[in-house]
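Observations on the three-dimensional arrangement
Here is how the chains run, residue by residue.
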Amino acid sequence: DQQVKQNSPSLSVQEGRISILNCDYTNSMFDYFLWYKKYPAEGPTFLISISSIKDKNEDGRFTVFLNKSAKHLSLHIVPSQPGDSAVYFCAASGLAGFGNEKLTFGTGTRLTIIP
Amino acid sequence: DVKVTQSSRYLVKRTGEKVFLECVQDMDHENMFWYRQDPGLGLRLIYFSYDVKMKEKGDIPEGYSVSREKKERFSLILESASTNQTSMYLCASIDRVNTEAFFGQGTRLTVV
């Protein structure tokens, strides 16, 4: 049962344009969401996060939007740069407490920025 | 700077061998995790630990065990390696809930 879903396995975007990566979740107990970026043969690196009490968080070129009623979040990258080419994972975690600290990841979206 | 270090970048083991994957973090984090990454399946949680000597099964624990004797070290054990355990293994640690996890560089394990 995939609780965090990234329905687009791949996405190609022209350099300088906006990249939009999407993520859906099913568990209403999730209250913290994160995006990670992963290059081949390396561990994932943290990009940006958002708490369920917010609907938007911005950090430089990266913005994450959260729509709790739709159980949907998205990552916007603008402008897109060649170095952004990587696999992006959406992740979610639950409320503090026994057994709820684990991070659940989506299947990932491979973003390719075309020069 | 948080550091999570995995003992090997690449490993090749034979079917039936007992395999140990080691992970050490240097930031006194309570929670540590083992994931495996496979194409099309994302990162799947194998086991996690929220304290020394404490462990919890993740989503795919079958064929694996773990050990956490010291706070900084979390070991993943493949009791009898099989070819379907060929994968990228990633260790992570988290300071507390609702903060980001820090990952090691990964271990690419091939079982032949």
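Scroll up to find the structure.
Note that the structure is a prediction, hence the values are computed from the model and not measured.

Next up on the list: a nonpolar patch on the surface. On the surface, a nonpolar cluster with roughly 220 Å² of combined accessible area is contributed by Ile18, Ile20 and Val78 of chain A. Its place among the elements puts Ile20 of chain A in strand S3 (residues 19-25).

Attention now goes to the pattern of salt bridges. Applying the stated criterion across every chain, the model contains 9 salt bridges over all chains. With a shortest N-O distance of 3.9 Å, Glu58 of chain A and Lys56 of chain A are connected by a salt bridge. The shortest N-O distance in the salt bridge between Lys71 of chain B and Glu30 of chain B comes to 3.0 Å. With Lys71 of chain B in the loop between strand S7 (64-70) and strand S8 (73-78) and Glu30 of chain B in the loop between strand S3 (19-25) and strand S4 (31-38), the pair connects residues that are 41 residues apart, well separated along the chain. Each of Asp28, Glu30 and Lys71 of chain B takes part in a single network of salt bridges with overlapping partners.

Another point: the interface of chain A and chain B. Each side of the interface is counted separately: chain A has 23 residues, and chain B has 26 residues. Buried surface at the junction of chain A and chain B, summed over both partners, amounts to about 2,000 Å²; 63% is from carbon and sulfur atoms. Here chain A and chain B share 0 salt bridges between them. Applying the counting rule to chain A against chain B returns 5 residue pairs in polar contact (both at pLDDT 80 or more). Broken down by secondary-structure element, the contributors of at least two residues to the side of chain A that touches chain B are strand S4 (32-38), strand S9 (86-93) and strand S10 (103-105) of chain A. Ranked by residue count, the leading element in the side of chain A that touches chain B is S4 of chain A, at 4 residues.

Next up on the list: the packing of aromatic side chains. Scanning all chains against the criterion turns up 12 aromatic pairs over all chains. Pairing Tyr36 of chain A with Phe46 of chain A gives two aromatic rings, centres 5.9 Å apart and planes at 70°, and the pair type is edge-to-face. Of the two residues, Tyr36 of chain A sits in strand S4 while Phe46 of chain A sits in strand S5 (residues 45-51), which places them 10 residues apart along the sequence. On the basis of relative accessibility, which here comes to 0%, the residue Tyr36 of chain A falls in the buried class. On the basis of relative accessible area, Phe46 of chain A is assigned to the partly exposed category, the value being 29%. Aromatic side chains Tyr36 of chain A and Phe103 of chain B sit 5.5 Å apart centroid to centroid with 80° between the ring planes, which places their arrangement in the edge-to-face category. Here the residue Tyr36 of chain A occupies a position in strand S4, and Phe103 of chain B occupies one in strand S10 (residues 101-103), the pair thus bridging two chains. As far as burial versus exposure is concerned, Tyr36 of chain A and Phe103 of chain B are alike and both buried. Through pairs of rings, three or more aromatic residues link up here, namely Tyr36, Phe46, Phe89 and Phe105 of chain A together with Phe33, Tyr35, Phe48 and Phe103 of chain B.

Definitions and cut-offs
Residues numbered from 1 in each chain as written. Chains lettered and ligands numbered in written order. Predicted model: local features only at pLDDT ≥ 70, side-chain atom pairs only at ≥ 80, totals over all residues. Heavy atoms only, no water. Patch = residues over 30% accessible without salt bridge, like charges linked within 9 Å, V, L, I, M, F, W, Y side chains within 5 Å. Areas by Shrake-Rupley, 256 points an atom, 1.4 Å probe, with all protein chains shown as cover. Salt bridge = Lys/Arg side-chain N within 4 Å of Asp/Glu carboxyl O. Helix = DSSP H or I, 4+ residues; strand = E, 2+ residues; numbered from the N terminus. Contact = heavy atoms within 4.5 Å. Buried area = accessible area lost by both parts, 1.4 Å probe. Polar contact = N/O pair within 3.5 Å; in protein donor to acceptor, adjacent residues only side chain to side chain. Phe/Tyr/Trp six-rings, centres within 6.5 Å; stacked < 30°, edge-to-face > 60°. Buried < 20%, exposed > 50% of the residue type's maximum accessible area, 1.4 Å probe, protein only.

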